[in-house]
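Report on the structure
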Amino acid sequence: MVGGSYDPVARVVSQYLSEDFGQQIIVDNRPGASGMIGADILARSNADGYTIGLLGNNHTIISALRDRIPYDLLKDFAPISRVGVVDNAVVVHPSVPAKTLAEFVALARANPGKFNYGSGGAAGTTHFGGELFNSLAGTKVVHVPYKGGGSAVAGIVAGEVHMMVLNMINADPHMRTGRLRGLAIAAKQRHPLAPTLPTTAEAGLPGLEMSQWYGILTPLRTPRTVQTTLGTALQKLAGRDDARAKMATQGIAVYFETPAEFAKFLREDIELYRRVGREANIRPD
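This text gives an overview of the structure that appears in the document. (Residues numbered from 1 in each chain as written. Predicted model: local features only at pLDDT ≥ 70, side-chain atom pairs only at ≥ 80, totals over all residues. Heavy atoms only, no water.)

**Examining the pairing of strand β1 (residues 53-56)**
Under the convention used in this document: Burial status follows relative accessibility: with a 1.4 Å probe on protein chains alone, a residue under 20% of its type maximum counts as buried, one over 50% as exposed, and anything between as partly exposed. For the purposes of this entry, the term helix denotes a DSSP run of H or I that reaches at least four residues, the term strand denotes a run of E that reaches at least two, and both are numbered from the N terminus. Any two strands are treated as partners once DSSP identifies two or more bridges connecting them.
Every second residue of β1 is oriented toward a common face, with Gly53 and Leu55 on one face and Leu54 and Gly56 on the other, all of them buried. Judged from the four bridges that link them, β1 and strand β8 (residues 212-219) form a sheet pairing that is antiparallel. Bridging from a neighbouring strand, leucine 55 pairs with glycine 215 of β8.

**Here's the deal with the packing of aromatic side chains**
Quick note on the threshold: Any two rings among Phe, Tyr and Trp, with Trp reduced to its six-membered ring, count as a pair given centres within 6.5 Å; such a pair is stacked if its planes are under 30 degrees apart, edge-to-face if over 60, and tilted if neither. Note on geometry: a ring has a charge over it if NZ (lysine) or CZ (arginine) is within 6 Å of the ring centre and within 35 degrees of the ring normal.
Tallied over the full model, the rule gives seven aromatic pairs. Measuring from centroid to centroid gives 5.2 Å for tyrosine 6 and tyrosine 214, while their planes differ by 80 degrees, and the two rings are edge-to-face. With tyrosine 6 in helix α1 (residues 6-21) and tyrosine 214 in strand β8, this pair connects stretches of sequence that are 208 residues apart. Judged on exposure class, the residue tyrosine 6 and its partner tyrosine 214 are both buried. With a centroid separation of 5.7 Å and 75 degrees between ring planes, the pair formed by tyrosine 71 and phenylalanine 77 is classed as edge-to-face. With respect to class, tyrosine 71 is no different from phenylalanine 77; both count as buried. Members of the aromatic cluster, joined through ring pairs, are Phe104, Phe115 and Phe133. One cation-aromatic arrangement involves arginine 82 over phenylalanine 265; the distance from NZ or CZ to the ring centre is 3.6 Å.

**Examining the pattern of salt bridges**
To be explicit about the condition: We define a salt bridge as a side-chain nitrogen of Lys or Arg found within 4 Å of a carboxyl oxygen belonging to Asp or Glu.
Within the structure shown, the criterion is met by 14 salt bridges. The partner of arginine 274 in a salt bridge is glutamate 271, with the nearest N and O atoms 3.7 Å apart. Here the residue arginine 274 and the residue glutamate 271 both occupy positions in helix α10 (residues 259-280), the gap between them amounting to three residues, near one helical turn. What makes arginine 274 partly exposed here is its relative accessible area of 32%. Taken together, the salt bridges that share partners define one network made up of Glu19, Arg240 and Asp242.

**A word on the sheet that holds β8**
Taken in spatial order, the four strands of this open sheet run β1-β8-β2-β9, and their pairing is antiparallel. Unpaired on one side and paired on the other, β1 and β9 (253-254) mark the two borders of the sheet. Note that strand β2 (residues 77-86) and β9 share two bridges and pair antiparallel. Among the inter-strand pairings, valine 85 is bridged to a residue of β9, identified as alanine 253.

Note that every value here comes from positions in space, so none of it alone points to a role or purpose.
The structure is reproduced here in structure tokens:
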């Protein structure tokens, strides 16, 4: 596991799994190298069911961009399920004369290089979100990287940049106060915090879907019975109102899927980042 936003998710999941299994589960954060250190430790761990990992977007990004990493995300792990998802919204500064996503696309197409978008740094989800927008919309909105997500949010609120594909944790309070204008939710479904905001597909730009996710994986040869037991426990967790409420305090929606669905998602996520990275010449830090 890595620290940062993963830690509160890991603690919620570990609490409920501990209650379900009647056995304490210890959260062991292993930060470093964009999560590669923790993932490598997980891949090399005994496949006895006593070690599980919480991985996320940075691992699919790494797998897409780096030629050499010490493990294979698709071959060295058994995917169990995503447990949490944070959707993103396409937002603009109120000074931008566009009220809808279609209007902003038209504006950006008519003025190549005039508009810009902020990100928390090169090769992060906000960077990929902006370049996926460019790819699908046929625009040339210019990337402005900041030193961290907080600085990028401050930048767009101050009007230093025009657009961001920003997670709803940070976007929602600024949309409510009018400091940012939401154009669409970059997901398959509308968001409960902004039910009137259309999805990107509804707004005329299908395929612009970019979410932050957190998922549980085990070492590859973990016994199938253990994987099944773990999956059943995660499904029960996803159905608990108290667990959903705790995750919601972090801005995260509880999620559950089958191992096959998670494996398919991992392949597609890597391919998405690989394609966008190649088109935009995105390189890892």
